[in-house]
Structure formats: structure tokens, C-alpha cells
Amino acid sequence: MKRLRITDKDFDARFRRIVDDRRESGGDVGADVASIIARVRAKGDAALAEYTHRFDDHQLTDEGDWRIDLADCRAAFDALDPALRDALTLAAERIRAFHETQRPADRDQTDSAGVRLGAKWRPVDAAGLYVPGGRAAYPSSLLMNAIPAKVAGVERLVVVTPTPGGTANPLVLAAAHLAGVDEIWRVGGAQAVAALAYGTDRIKRVDVITGPGNAWVAEAKRQLFGVVGIDMVAGPSEILVIADNRNDPDWIAADLLSQAEHDPDAQSILITDDEHFADQVADRIDVQCAMLSTRRTAQTSWDDHGVIIVVERLEQAIALANALAAEHVELAVDDPEPFLGAIRHAGSVFMGRMAPEAVGDYVAGPNHVLPTGRRARFASGLSVLDFMKRTSFIELGADALRSIGPAAAALAHAEGLPAHAQSIEVRLK
């Protein structure tokens, strides 16, 4: 864990190194992924079967080996412990309610020149959702990705997920039932992303791919952007907690560890104006981490990437937060509103002492798929709009063309495009 004090002479240089540290995979992954994509494009299902056997120890032979029946998803949901089933249902309901408010409205108007202008929003025809297996098999992520797609009106929602040894995560299947997924395929990795992008005999191509994954999955999405749309290229998780000394250090320690346990490369940062409080939080992190089942991951993350920054005045944290542009920002202060107004770059902001980031991961409603690696400077969290596109339309009558057409023709001539000008002028005659 690094500790910085804003009064240190070398603070600016050390802070800049933290800001610039991407904590993401090197270029060697890129070559591997390019090879996988090329092989899936050339060999299709045969390549998927080969990679699935190699990486997941699962043979893709019969139809049941390839595809999970939707009836199995319903059965998994029905078999859940009632309390867990209710929790998953509550999460789905709140996520759906929040995202329904994001559905955009069409526009249709006629301006003073008599030109009719507008735009229509339409969902993509098909979307693909990557759902990780193993350590990162989270039903909450499936809900956060699938529900906005369905709210947008996507008719065909396809899930790809690795099933090591042929075993699917029952919570993921239950979430797929709640979200209304249409297809679930037992393939994962970069090869699954390639299959969604280009299509195979079995798996038909989609228009947009979303969902978290490891470095190979993220790199596959990056390389295939343009062939398909993607949500974002996500890196390791991040949390920035801005806290004064009136917080319980145990609460803040737990918040920092909530992201550290995701990934050894995740980053947790505390900014406070009290050195003694910083010491208390650091001590409580050591105590709590020792009791976690995820302690190895959390401890590595905290040791390698954790940061405590001590400022003179808590208001100084705002400029630091904007430079970090973190995925999650907690404002554990009495009056978080002024901080919210001043923080320009953040994936999602959690306001007040009783709003831990973990609530946002599950049941608050806003999407937990958020930009990492300082991408909050220019990107937003996943939304209904990621599964929709806007088509503008223009309608002119003769009077409207006479009003604005000569200006368009003049600009076309000025750009050296006479055919453009002629297509307007022949109508004006």
C-alpha cells in the first residue's frame, strides 16, 4: 500500500504515476487473441469445440453439450432458496425500473423554413452477452447487462458462458430466466466473442456484445469493435473513497476491500484529511482482510495497488478525484452534495455514509457496468442506449427546398462537388 501526503515535495510526481498506472494486460495477449479470432472465423464451430475442450474440459458434441435449455434456467430459478430468489427478483425489478426511465423518445418537428426534421430510435436486432465462469460467475452482472437490452427492445439476446467440466452456475441460469435471455451457449473466452461477432453454423451473429471477462475477452472485444458494437473495454475494478474522520474506520475498510477482492489488479484508494483516521483504516483493513475467504486476492490488490492520500482540507480531494476518474467514488461526508457537483469524472458516485458501493453492485438500480482505467473522462456506464441506435430523417417540400437549397448548392460548389450541387439545382429549376 502506498501512502501519499499532499504536503510532500514529491506528491505531484507520485500521484501522477498512480493516475497513469493502467494495471491492464500487456501486448502479448493481443497476438493470442488475434490468432483465436482468425481460427474461429475460418473454422467456425470446429474451432469452438477445440478451444472449449482445451480450456474448459468440456466436449461439444450433441446439441445439449452446446446449448443450455431455457427450461433448465427456469428450474434453477425455482430451486433457489426462497430468500435468495426474492433477493434476485428484487434486484431485477429495481434494475428494470431504473433502466426503463432511460428509454429515449423519438423527435419530429417542422422548423421555420418548413423543413421536417426528426429522429427515430430503434433497438439492435440481436445482442450478445458474455458471462464469465469460475471466480467471476456473477448473476448480478447478467442482470445488469441483459435487462437494459430487453428494455431497449432487443428481440434476440444471446448469452455465451464457459461451463468448466460442463457445469453451469445455477445462479447465473436463474438470472438468465429472470432477465428473459433467449439463447445460452456453453462457450467462453475470446473464441466466444469471435463467434458472436462473425457467427458460426450454430451461433448466429449479433450486432452488439457486452459483458465482463478476463484480459482475453476484453482484448477480443477491442479487436472486434467495428465488426460489432461493444459496451466498453473494461479493466480491473476501482474504488475511490473520500472520507472524513467522523466515519467508522471499519466501514471504510470494508468498502475498500469490497473492490480489492475482485481482482489482484483492482485498486482501492482512500482520500482523507486526518492522518490518524488513515492509520485506523489501514489497521482495520489488515484485520478484516485476514478473515475474508477472498483474502489472497484482496491482500495482493491492497499491497500492490492500494493507496492512502492524506490532504490538508477535504476539498482538495475534488481535483484528485477528477484526475483519477475512478469507476466508483464514495463520498463519506456529512454533506456530499457540493462534492457531487464538483466531481466531473466518475463512473458512479455513492453519496453519504450509508451508501456503500456494494449496494450499487446489486439492488440500487443504476448499472454497475462502469468505465475503468480513467475512461470515465469520456465514457459512461452501460445503459439502454448501448442497445439502440438513432436514425435521423429529413423531409422537404418545394418551398422548403427553395428556402435552404441555394445555400447547400453554394457550399457544394465551394467544396468542388458539382454533382452534389446539381442534385439540388435541378429541383430548384
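Structure: see above.
Residues numbered from 1 in each chain as written. Predicted model: local features only at pLDDT ≥ 70, side-chain atom pairs only at ≥ 80, totals over all residues. Heavy atoms only, no water.

### Some points on the overall build of the protein chain
The cut-off we apply is this: Helix numbering and strand numbering both begin at the N terminus, where a helix is a DSSP run of H or I of at least 4 residues and a strand a DSSP run of E of at least 2. Three exposure classes are used, based on accessible area relative to the maximum for each residue type with a 1.4 Å probe and protein chains only: buried under 20%, partly exposed in between, and exposed over 50%. Only heavy atoms enter the contact rule, under which two residues are in contact if any of them lie within 4.5 Å. Here the open area of atoms and residues is found with the Shrake-Rupley method and a 1.4 Å probe, where only the protein chains shown may cover a residue. By the counting rule applied here, Lys and Arg register as positive and Asp and Glu as negative, while His and the ends of each chain are not counted. By convention, the charge on Lys lies at NZ, on Arg at CZ, on Asp at CG and on Glu at CD.
Along its length, the protein chain carries 18 helices and 14 strands. Along the first, second and third principal axes, the C-alpha atoms of the protein chain reach 80 × 60 × 45 Å. When burial is assessed residue by residue, the protein chain has 48% of its 429 residues classed as buried. A sequence separation of at least 24 residues applies to 75% of the contacts in the protein chain between residues at least 6 apart. Surface summary for the protein chain: the accessible area is close to 20200 Å², and the carbon and sulfur share equals 51%. Mean positive and mean negative side-chain charge positions of the protein chain (47 and 63 charges, respectively) differ by 6 Å.

### A closer look at the environment of A332
Mapped onto the elements, A332 comes out in strand β12 (residues 328–332). It is 8.9 Å that separates the C-alpha atoms of A332 and R246, two residues lying 86 residues apart in sequence. If near-sequence neighbours (up to four positions away) are discounted, A332 is found in contact with I242, A243, D244, N247, I252, G352 and R353.

### A short note on the sheet that holds strand β8 (residues 229–230)
Sheet strands line up and pair through hydrogen bonds in the backbone, either parallel or antiparallel. The following threshold applies: The rule for pairing is simple: two strands pair if DSSP sees at least two bridges between them. Think of each axis as a best-fit line through the C-alpha atoms, taken over the contacting stretch in the case of a helix, with angles from 0 to 180 degrees between the N-to-C directions.
Spatial ordering of the open sheet is given by β6-β5-β4-β7-β8, a layout of five strands whose pairing is parallel. Looking at strand neighbours, the two that pair on one side only are β6 (183–185) and β8, the edges of this open sheet. In terms of strand pairing, strand β7 (residues 208–210) meets β8 through two bridges, oriented parallel. Opposite I209, over in β8, you have I230 as the bridge partner. Sheet strands touched by helix α7 (residues 139–152): β4 (126–130), β5 (156–160) and β7. Its angle to β5, the strand with the most contacts, is close to 165°.

### Considering empty space enclosed by the protein
Note the threshold: Think of a 1 Å grid over the protein atoms and nothing else: a 1.4 Å probe that fits but is trapped marks a cavity, an open set flanked by protein within 12 Å on at least five of seven lines marks a pocket, and residues with an atom within 4 Å of a point count as lining. Grid points are joined across faces, edges and corners, and a volume is the space filled by probe spheres set on the points. Charged means Asp, Glu, Lys or Arg here, nonpolar means Ala, Val, Leu, Ile, Met, Phe, Trp, Tyr, Cys or Pro, and polar covers whatever is left, Gly included.
This structure, assessed with the given rule, holds one cavity of 30 Å³ or more. Its volume calculated, the largest cavity comes out at about 130 Å³. Contributing to the lining of the largest cavity are 14 residues, with R23, E238, Q267, L324 and R374 lying nearest its centre. Residue assignment for the lining of the largest cavity shows that the elements contributing at least two residues are α1 (11–20), β9 (238–243) and β10 (267–272). The element that contributes the greatest number of residues to the lining of the largest cavity is β9, accounting for three residues. Across the lining of the largest cavity, the residue classes tally to seven nonpolar, two polar and five charged.

### Describing the sheet that holds β10
Taken in spatial order, the six strands of this open sheet run β1-β11-β10-β9-β12-β13, and their pairing is parallel. The open sheet has two edge strands with one neighbour each: β1 (2–5) and β13 (348–351). Adjacent strand axes in the sheet meet at a mean angle of 15° when their direction is disregarded. Strand direction decides the pairing type here: β9 and β12, joined by five bridges, are parallel.

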